[in-house]
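# A look at the structure
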Amino acid sequence: MSLPLRTGQRLSLVNPTSGLKKPSRIVGMRRSTDSGFLVAFEFDTPTPKFWPISFPPEDWQLEQG
């Protein structure tokens, strides 16, 4: 993101693929190495299907090595 924002600032996130729009708020931010900003946010309500991410099953384990 190229604009500085404030912690606590409200915003709406839109998934461009699905069109789903959800309210959220900024919980943290810091400058990026490319002169932009990295922004951490949290949705107002749980939104597990906002991005179509498949999480591994509970019994899945990482290989050590």
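Residues numbered from 1 in each chain as written. Predicted model: local features only at pLDDT ≥ 70, side-chain atom pairs only at ≥ 80, totals over all residues. Heavy atoms only, no water.

Within the protein chain, the secondary structure is distributed over zero helices and three strands. Its C-alpha atoms give the protein chain a radius of gyration of 16 Å, clearly above 11 Å, the size a compact globule of 65 residues would have. For the protein chain, the spread of C-alpha atoms along the principal axes amounts to about 40 × 30 × 20 Å. Across the 65 residues of the protein chain, 18% fall into the buried class. Of all intrachain contacts in the protein chain linking residues separated by at least 6 positions in sequence, the fraction that spans at least 24 positions is 26%. Accessible surface, the protein chain as shown: approximately 5,700 Å² in total, 55% of it carbon and sulfur. Mean positive and mean negative side-chain charge positions of the protein chain (8 and 6 charges, respectively) differ by 16 Å. (Helix = DSSP H or I, 4+ residues; strand = E, 2+ residues; numbered from the N terminus. Rg over C-alpha atoms; globule rule 2.2 N^0.38 Å. Buried < 20%, exposed > 50% of the residue type's maximum accessible area, 1.4 Å probe, protein only. Contact = heavy atoms within 4.5 Å. Areas by Shrake-Rupley, 256 points an atom, 1.4 Å probe, with all protein chains shown as cover. Lys, Arg positive; Asp, Glu negative; His and termini not counted. Charge placed at Lys NZ, Arg CZ, Asp CG, Glu CD.)

Further remarks concern the packing of aromatic side chains. Under the counting rule described, the total for this entry stands at five aromatic pairs. Look at Phe41 and Phe43: their rings are 5.4 Å apart centre to centre, the planes differ by 85°, and that puts the pair in the edge-to-face class. The exposure class assigned to Phe43 is buried, which follows from its relative accessible area of 18%. Consider the rings of Phe43 and Phe50, whose centres lie 5.0 Å apart with planes at 55°: the pair is tilted. Both residues of the pair, Phe43 and Phe50, belong to the buried class. An aromatic cluster of three or more residues is present, and its members are Phe41, Phe43, Phe50 and Trp51. (Phe/Tyr/Trp six-rings, centres within 6.5 Å; stacked < 30°, edge-to-face > 60°.)

Looking now at the environment of Met29. Summarising the element assignment, Met29 is placed in strand S2 (residues 21–31). Accessibility expressed as a relative area gives 26% for Met29, which makes it partly exposed. For the pair formed by Met29 and Asn15, sequence separation is 14 residues and the distance between their alpha carbons is 21 Å.

Per-residue pLDDT for the protein chain averages 85, and the proportion of residues at 70 or more is 91%. Here strand S3 (residues 37–43) stands out as the element of the protein chain with the lowest mean pLDDT, 90, in contrast to strand S1 (residues 10–14), whose mean of 93 is the highest. (pLDDT = per-residue confidence, 0-100.)

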